[in-house]
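# Examination of the molecular architecture
Chain residues, written in single-letter form:
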Amino acid sequence: MKPRDRFAACLFTRCCTSGKAYKVDIRNFDSVDEAVTCSVRDLNGRLDIFVANAGVPWTKGVMVDGPLDHYKDVVDTNLDGVYYCAKAAAGHWRRQKQSNNDIHGAPLSNFKMGSFIATASMSAWIANIPQLQASYNAAKAGVIHLCKSLSVEWAQFARANTVSPGYIYTGITGFIPPEYKEWWQDKVPLG
Amino acid sequence: MSNPTLAPLNGPNFNHDNHRVTAAAAGSIAKRLSLANKTAIITGGGAGIGYGVAVAYAEMGCNIALWYNTNDAAIQKAEALAKEFGIQCK
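As a starting point, this report considers the structure included with it.

On a plain count of helices and strands, chain A comes out with five helices and four strands. Walking chain A from its N terminus toward its C terminus, one meets helices and strands in the order α-β-α-β-α-β-α-β-α. Seen through its principal axes, chain A has C-alpha atoms that stretch 55 × 40 × 35 Å. Classification of the 191 residues of chain A by burial places 45% in the buried group. For chain A, the proportion of contacts with a sequence separation of at least 24, taken over those separated by at least 6, is 63%. A total accessible area of about 9900 Å² is found for chain A, and carbon and sulfur atoms account for 56% of it. Positive and negative side-chain charges of chain A, numbering 21 and 17 respectively, have mean locations separated by a distance of 8 Å.

Scanning chain B from N- to C-terminus turns up four helices and four strands. Secondary structure of chain B in N-to-C order comes out as β-β-α-α-β-α-β-α. For 90 residues, the compact-globule formula gives about 12 Å, and the C-alpha radius of gyration of chain B, at 18 Å, lies well above that figure. Reported as C-alpha extents along the three principal axes, the dimensions of chain B are approximately 50 × 35 × 20 Å. Each of the 90 residues in chain B was classed as buried or not, and the buried ones make up 37%. Contacts in chain B between residues at least 24 apart in sequence constitute 43% of all its contacts with a sequence separation of at least 6. Accessible surface for chain B amounts to roughly 5100 Å². Of this, 57% is attributable to carbon and sulfur atoms.

So, on to the packing of aromatic side chains. All names here are of chain A. With the rule as written, the count across this model stands at nine aromatic pairs over all chains. Each ring, one from W154 and one from F157, has its centre 6.5 Å from the other, and the planes form 35°; the classification is tilted. Each member of the pair W154 and F157 is classed as buried. Seen in terms of ring centroids, Y167 and W184 are 3.7 Å apart; in terms of plane orientation they differ by 10°. Their pairing is stacked. With Y167 in the loop between β4 (158-163) and α5 (178-186) and W184 in helix α5, this pair connects stretches of sequence that are 17 residues apart.

Our focus in this paragraph is the interface of chain B and chain A. Buried accessible area, meaning the area lost when the parts come together, often serves as the stated size of an interface. Between chain B and chain A, the residue contacts involve 49 residues of the former and 48 residues of the latter. Listed by contribution, the elements that provide at least two residues to the side of chain B that touches chain A are β3 (39-43), α3 (48-59), β4 (63-68) and α4 (73-85) of chain B. Element by element, the count of residues in the side of chain B that touches chain A is highest for α4(B), at seven residues. A per-class count over the side of chain B that touches chain A returns 29 nonpolar, 16 polar and four charged.

Residue and element names in this part refer to chain A. In total, this model carries five salt bridges over all chains according to the counting rule given. With a shortest N-O distance of 2.2 Å, R27 and D73 are connected by a salt bridge. With R27 in the loop between β1 (19-23) and α2 (29-42) and D73 in helix α3 (residues 68-99), this pair connects stretches of sequence that are 46 residues apart. Under the relative-accessibility criterion, D73 is labelled partly exposed at 25%. The salt bridge partner of D76 is K72, with a shortest N-O separation of 2.9 Å. Of the two residues, D76 and K72 are both situated in helix α3; the distance of four residues between them amounts to about one turn of the helix. Residue D76 is classed as buried on the basis of its relative accessible area, which comes to 16%. When salt bridges with common partners are traced through the structure, they connect D25, R27 and D73 into a single cluster.

Okay, the pairing of β4(A) next. Residue and element names in this part refer to chain A. In this sheet, β4 lies alongside strand β3 (residues 114-119) in parallel orientation, the contact comprising six bridges. Counted as the bridge partner of A118 is T162 from β4. Following the backbone out of β3, through helix α4 (residues 134-153) and into the adjacent parallel β4, one traces a crossover that is right-handed.

Now for unusual backbone geometry. Residue and element names in this part refer to chain A. For the peptide bond that leads from I129 to P130, omega is -5°, which places it in the cis range. Mapped onto the secondary structure, P130 falls in the loop between β3 and α4. Phi is positive for N110, which is not a glycine, with a value near 60°. Residue classification places N110 among the exposed positions, given a relative accessible area of 56%.

Scoring rules and cut-offs
- Residues numbered from 1 in each chain as written.
- Chains lettered and ligands numbered in written order.
- Predicted model: local features only at pLDDT ≥ 70, side-chain atom pairs only at ≥ 80, totals over all residues.
- Heavy atoms only, no water.
- Helix = DSSP H or I, 4+ residues; strand = E, 2+ residues; numbered from the N terminus.
- Buried < 20%, exposed > 50% of the residue type's maximum accessible area, 1.4 Å probe, protein only.
- Contact = heavy atoms within 4.5 Å.
- Areas by Shrake-Rupley, 256 points an atom, 1.4 Å probe, with all protein chains shown as cover.
- Lys, Arg positive; Asp, Glu negative; His and termini not counted.
- Charge placed at Lys NZ, Arg CZ, Asp CG, Glu CD.
- Rg over C-alpha atoms; globule rule 2.2 N^0.38 Å.
- Phe/Tyr/Trp six-rings, centres within 6.5 Å; stacked < 30°, edge-to-face > 60°.
- Nonpolar A, V, L, I, M, F, W, Y, C, P; charged D, E, K, R; others polar.
- Salt bridge = Lys/Arg side-chain N within 4 Å of Asp/Glu carboxyl O.
- Pairing = 2+ DSSP bridges.
- Right-handed = clockwise from strand over helix to strand, strands pointing away.

This is a description of form; function is not addressed.
Written out as C-alpha cells, the structure is:
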C-alpha cells in the first residue's frame, strides 16, 4: 500500500478538506485493515463513512466456458472485498463508540454511528441482458444480504446500507459493445 | 457501560439503549447534512460512481481517502479535490 503525500498532509492544520489517495488491493484483508488505519491516521484521526464502491465486471461471456480465475477475481473483489472493508471499518466504529475517542485518544465530537455504504447493483435484483454475468450478479446479491445482516450486527455502533445503480455511464462498461448500450438506453423509460 | 461489547442482542432481545435526539437539538437540515470534520474512505474513488460520491462529500466538507487499485489517476484527483474545496495540497 502506497499512500501519497503523507508528509504534505501533516502540514495542513486548517484544511477544510484534505484528499489523499491510497493504492489498496481489497482482495487482501491485511491490506484493507492497514489501509483503513493509515487513512484514519493521515486524515483527522476518525472514521465516519466507508463507501465500499470498488468493483469489477464479468467480461468473459457464458459461465460454462468462462475461466475460473476470472470468476474468483469477480467474487473476490465484489463480495470478499466488501466483507473485508466492512470488517476493518467496523473495528474502528465499535472502538469509537465504546471510547468516544479518536485514534489518538482525543475526544470525538459529533460521532453518533458509523455509516457503511456498499455499491451493489441492479444485477443484485435481476439478471441482466444481453451481456451475461452470472457471477457478478451473484456477488452483488451477496453484497445486499451481507449489508442487511451487518445492519443487525452493528445496531449499536454503525449503519449498513446499499445502493443499487442501474446503468451509469462510467468506465466499468468500457468493454460493452455500443449496440448493447443503445438497447439498454431504450429500456429506460425516462431515457 | 451496561453493554461494553456493543452487542446488538441480549439473548433474543435487542439492546435498545440508543438515545434519541430531538429535532431542535439536532439542528437545521443543512447542519445535519454537513460532513465538516468527518472522514470518509471511498474504494474505487478515482473514477465513476466512487469519484462522483467523493465530489459530493468534498462539497459537504468531508475529509476523504480515495482508494484505488489500478487507477493511478486517483492521486491527482485527490489532490484536485483538496485544492478545490480546501486549501492547497501539494
